[in-house]
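# Structural description and commentary
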Number of protein chains: 2
Amino acid sequence: MPTTRKIGVFVYENFEPIDVWGFVQAFAIARFFGQAYGDKGPYPFNISFIAKTIDPVHSYNGPRVAPDMTREEALTEQFDVLVIPGGHGTQDVLDDATIAWVRAMDAKVPLMASVCTGAAVLASAGLLDGRPAATNHNAFSWVASLRPAVVWDRISRWVDTGKYVTSAGVSSGTDMAFYLVARLCGQAVADIAAAEAEYHWQRDPRVQQPF
Amino acid sequence: MPTTRKIGVFVYENFEPIDVWGFVQAFAIARFFGQAYGDKGPYPFNISFIAKTIDPVHSYNGPRVAPDMTREEALTEQFDVLVIPGGHGTQDVLDDATIAWVRAMDAKVPLMASVCTGAAVLASAGLLDGRPAATNHNAFSWVASLRPAVVWDRISRWVDTGKYVTSAGVSSGTDMAFYLVARLCGQAVADIAAAEAEYHWQRDPRVQQPF
């Protein structure tokens, strides 16, 4: 019987909708885990929104989400994965308090991921120095300029360096999330999840960009 | 200068994450409208969550969203598009009050859309009788049995009948949403939006299913 893993998603004002919810969808629909192995075991993932306060948080040019806990509360929990999404608001979460919180979480969380410009947060915390990393293609120059010590990858849809997994822009985070489901639960579970989502999963991180 | 159109999304307990947010993403990122036509005009879409009450609403096996208004309040607004998402919770929104609300909205809203099992709600309101419609492939038999008078389409990723546009399961709603952006704002805007989202948009509604 698999253990339920805890997934934390940092949400902040003006996040990009699918940076958050494409990632959430892949893990949420991996509930079909049991079917892949002939049982109806517990859901493999529990997903929480973490924010500065528990007030609703706006997506960019879109509706709001309701956080489950504050950043301080998250430090008292044991997450298996933390993901930092991107979006127009990323420039406002490069402050000292956020970076210190990301470093504190990094000391506890075994798998740190980012989507889109979320890589700017991991990079600013110094976590990606000397490692390859992906980020949004439209914001590539800005993110890369923040931390030249990172080996920025302009080609891949996502990059897995072991503890740190970073995706390129927006929808590529969904493809990375299904990949992480495969890494954590096996390919069969991820394949069932993607099929159940009727999702055309780009399984190859070096697939041609859609532009 | 384009008018900002109002998009309403009905959210209810145990909606499927991407049924809602894939749709939201396509419209939210169409903010690049101005770029396609050489200006920085207003955002073409304003997106609101409508729910039974304004309390946070859970996605299925995932985190919560914060509604903007109640169903009663939505009746006093003029929406250009209303979308009904699907998910595990659809079976709980086939009650008389919800169906009456959908019919009342239908009398005011020029474009009604559904994602996934959301088609069960439109069908139960009698809005799809005699028309072709798509729904989730895994739940196809259940949805089709609710309203045999609908011409259920088991093949297409989405179906446009003019006022009513229905998509198949989960992620196909994202492809339909970009299609609706194209229908409302032109192909150039939708192409820019999909590229900006780094999204591999399935532009053909009869593309082979990913399973």
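Here is what the cut-offs are and how they apply
Residues numbered from 1 in each chain as written. Chains lettered and ligands numbered in written order. Predicted model: local features only at pLDDT ≥ 70, side-chain atom pairs only at ≥ 80, totals over all residues. Contact = placed C-beta atoms within 7 Å. Helix = DSSP H or I, 4+ residues; strand = E, 2+ residues; numbered from the N terminus. Pairing = 2+ DSSP bridges. Buried ≥ 20, exposed ≤ 12 C-beta atoms within 10 Å, placed from the backbone. Right-handed = clockwise from strand over helix to strand, strands pointing away. Least-squares fit on C-alpha atoms with pLDDT ≥ 70 in both. pLDDT = per-residue confidence, 0-100. Expected span 1.5 Å × (residues − 1). Core = buried A, V, L, I, M, F, W, Y, C linked by C-beta atoms within 7 Å. Axes fitted to C-alpha atoms, helices over the stretch in contact; angles between N-to-C directions. Nonpolar A, V, L, I, M, F, W, Y, C, P; charged D, E, K, R; others polar.

### Examining the interface of chain B and chain A
In this complex, chain B contributes 41 residues to the contact, which on the side of chain A involves 41 residues. Among the elements that line the side of chain B that touches chain A, the one with the most residues is helix H1 (residues 17–28) of chain B, at 7 residues. In terms of strand pairing, strand E4 (residues 64–66) of chain A meets strand E4 (residues 64–66) of chain B through 3 bridges, oriented antiparallel. Paired with valine 65 of chain A across the strands is valine 65 of chain B, a residue of E4 of chain B.

### What about unusual backbone geometry?
Residues and elements named next belong to chain A. The phi dihedral of asparagine 61 falls on the positive side, at around 60 degrees, and the residue is not glycine. Counting through the fold element by element, asparagine 61 comes out in the loop between strand E3 (57–58) and E4. Given 22 C-beta atoms within a 10 Å radius, asparagine 61 is considered buried. Backbone geometry at valine 170 places phi at a positive 45 degrees, although glycine is not the residue there.

### Focus on the pairing of strand E7 (residues 111–114) of chain B
All names here are of chain B. Pairing between strand E6 (residues 81–84) and E7: 4 bridges, direction parallel. The residue bridging valine 81 from the neighbouring strand is leucine 111, located in E7. One crossover worth recording links E6 to the parallel E7 by way of helix H4 (residues 96–106), and it is right-handed. The sheet contact formed by E7 and strand E11 (residues 164–167) spans 3 bridges and is parallel. Residue pairing in the sheet places alanine 113 in a bridge with valine 165 of E11.

### Observations regarding the relation of the copies chain B and chain A
Superposition of chain B onto chain A requires a rotation of 180 degrees combined with a translation of 0.0 Å along the rotation axis, giving an RMSD of 0.0 Å. Overall, the copies show the geometry of a two-fold rotation axis. Within chain B, valine 65 of chain B has its C-alpha nearest the rotation axis, a separation of 2.0 Å.

### A look at the confidence of the model for chain A
Per-residue confidence for chain A gives a mean pLDDT of 92, with 92% of residues at or over 70. On the interface metric, ipTM, the complex scores 0.90, and its pTM is 0.93.

### Concerning the environment of phenylalanine 15 of chain A
Residues and elements named next belong to chain A. Structurally, the position occupied by phenylalanine 15 is in the loop between strand E1 (5–10) and helix H1 (17–28). With 46 residues separating them along the chain, phenylalanine 15 and asparagine 61 place their C-alpha atoms 9.3 Å apart. Non-local contacts of phenylalanine 15, meaning those with residues more than four positions away in its chain, are made with Val20, Ser59, Tyr60, Pro85, Gly87 and Gly89.

### Section: helix H7 (residues 172–185) of chain B
All names here are of chain B. Here H7 is 14 residues long and its end C-alpha atoms lie 20 Å apart, about the 20 Å a rise of 1.5 Å per residue gives. Buried residues dominate H7, accounting for 12 of its 14 residues. When H7 is considered as a whole, its buried residues turn out to be Ser172, Gly173, Thr174, Asp175, Met176, Ala177, Phe178, Tyr179, Leu180, Val181, Ala182 and Cys185. A positive phi of about 100 degrees marks glycine 186, the residue just after H7.

### Things to note about the pairing of strand E6 (residues 81–84) of chain A
All names here are of chain A. The two faces of E6 match: Val81 and Val83 on one face and Leu82 and Ile84 on the other face are all buried. Where E1 lies against E6, 3 bridges are found, and the strand directions are parallel. Opposite glycine 8, over in E6, you have leucine 82 as the bridge partner.

### Examining the sheet that holds strand E10 (residues 158–160) of chain B
Backbone-to-backbone hydrogen bonds pair the strands of a sheet. The strands run either parallel or antiparallel. One open sheet holds the 7 strands; their spatial order is E5-E2-E1-E6-E7-E11-E10 (chain B), and the pairing between them is mixed. Each edge of the open sheet is held by one strand with a lone partner, namely strand E5 (69–70) and E10 of chain B.

### Points about the nonpolar core
Membership of the largest hydrophobic core comes to 148 residues, with the highest contact counts inside it found for Val181 of chain A together with Val181 of chain B. Discounting chain neighbours no more than four positions away, the residues touching valine 181 of chain A are Ala26, Phe27, Ala30, Val189, Ala190 and Ala193 of chain A.

### Digging into the packing of H7 of chain B against helix H8 (residues 187–196) of chain B
Pairs of packed helices are described in terms of their axes, by the angle between the two and the distance that separates them. All names here are of chain B. Contact geometry for H7 and H8: axes closest at 6 Å, N-to-C directions at 145 degrees. Here Phe178, Val181, Ala182 and Cys185 of H7 come into contact with H8, specifically with Gln187, Val189, Ala190, Ala193 and Ala194. In terms of residue class, the contact of H7 with H8 is made up of 8 nonpolar, 1 polar and no charged.

### Focus: the sheet that holds E4 of chain B
The strand order across the open sheet formed by 4 strands is E3(A)-E4(A)-E4(B)-E3(B), and the pairing between neighbours is antiparallel. Each of the sheet's edge strands pairs with one partner strand only, and the pair in question is E3 of chain A together with strand E3 (57–58) of chain B.

### Topic: the environment of lysine 108 of chain A
Residue and element names in this part refer to chain A. Mapped onto the elements of the fold, lysine 108 is located in the loop between helix H4 (96–106) and strand E7 (111–114). Residue lysine 108 is classed as partly exposed on the basis of its C-beta count, with 13 C-beta atoms lying within 10 Å. Remark: the alpha-carbon pair of lysine 108 and threonine 3, spanning 105 residues in sequence, is separated by 18 Å.

### Some remarks on the environment of threonine 53 of chain A
Mapped onto the fold, threonine 53 of chain A is located in the loop between strand E2 (45–51) and E3. The spacing of threonine 53 of chain A and threonine 76 of chain A is 23 residues in sequence and 15 Å in space, taken between C-alpha atoms.

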